[in-house]
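# Inside the fold
Given next are the chains, with one letter for each unit.
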Amino acid sequence: MFTNTKAFSGFSVDDVPKAKAFYSETLGLNVSEEYGMLQLHIAGGSDILVYPKPDHTPATFTILNFPVDDIDKAVDELTERGVRFERYVDSDTDEKGIFRGGGPYIAWFKDPAGNVLSVLQEA
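Residues numbered from 1 in each chain as written. Predicted model: local features only at pLDDT ≥ 70, side-chain atom pairs only at ≥ 80, totals over all residues. Heavy atoms only, no water.

### Notes on the overall build of the chain
The test is simple: Numbering of helices and strands runs from the N terminus; a helix is a DSSP stretch of H or I covering at least four residues, while a strand is a stretch of E covering at least two. The globule rule used for comparison is 2.2 Å times the number of residues to the exponent 0.38, while the radius of gyration itself is calculated over C-alpha atoms. Only protein chains enter the accessibility calculation, which uses a 1.4 Å probe; a residue whose area is less than 20% of its type maximum is buried, one above 50% is exposed, and one in between is partly exposed. Throughout, a residue-residue contact means that at least one pair of heavy atoms, one from each residue, lies within 4.5 Å. Only four residue types enter the tally: Lys and Arg on the positive side, Asp and Glu on the negative side; His and the chain ends are excluded. Charge positions come from single atoms, namely NZ of Lys, CZ of Arg, CG of Asp or CD of Glu.
The secondary structure content of the chain amounts to 2 helices and 8 strands. Seen in sequence order, the chain has helices and strands lined up from the N terminus as β-α-β-β-β-β-α-β-β-β. Taking 123 residues into account, the globule formula puts the C-alpha radius of gyration at 14 Å, and the chain, at 15 Å, falls close to it. Once the C-alpha set of the chain is aligned to its principal axes, its extents read approximately 40 × 35 × 25 Å. Going through the 123 residues of the chain one by one, you find that 38% of them count as buried. For the chain, the share of sequence-separated contacts (at least 6 apart) that also reach a separation of at least 24 residues comes to 51%. Side chains of the chain carry 11 positive and 20 negative charges; the gap between the two charge centres is 2 Å.

### As for the pairing of strand β7 (residues 105–110)
Worth spelling out the cut-off: One requirement defines pairing of two strands: DSSP has to find at least two bridges between them.
Where strand β6 (residues 98–99) lies against β7, 2 bridges are found, and the strand directions are antiparallel. Each residue of the ladder has a partner; that of F99, found in β7, is I106. From the end of β6 to the start of β7, which pair antiparallel, there are 5 residues, and G102 there has a positive phi angle of about 95°. One ladder, built from 6 bridges, connects β7 with strand β8 (residues 116–121); its direction is antiparallel. Its bridge partner being in β8, F109 is matched across the sheet by L117. Where β7 folds back on β8, the antiparallel hairpin that results is connected by 5 residues, among which G114 adopts a positive phi of roughly 90°.

This is the structure in structure tokens:
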């Protein structure tokens, strides 16, 4: 039934203007807005729908992962742009907030609505 259908993902936020500023200005993504919702235009031709939800509850899991070639550089640049990286009790992150304990190097941060995002680099 869905063999030839282009699927896309989506998630909610509690403030579309704040989300638009964050995703376009802070992260540098191409973002468009229509009908009060955002489309994040991700490299590779994927679009992600961002929609308002008055009773929004942030995702407690990572909703978007951004692969990078150099995680230290990415974390430094995002930190300069005001992004604060998460340090979870059950993960051994370094002073920058990067987890380097097996698997890809990964650093988690949140959007203005509290949704969890990450940058990651294959080790």
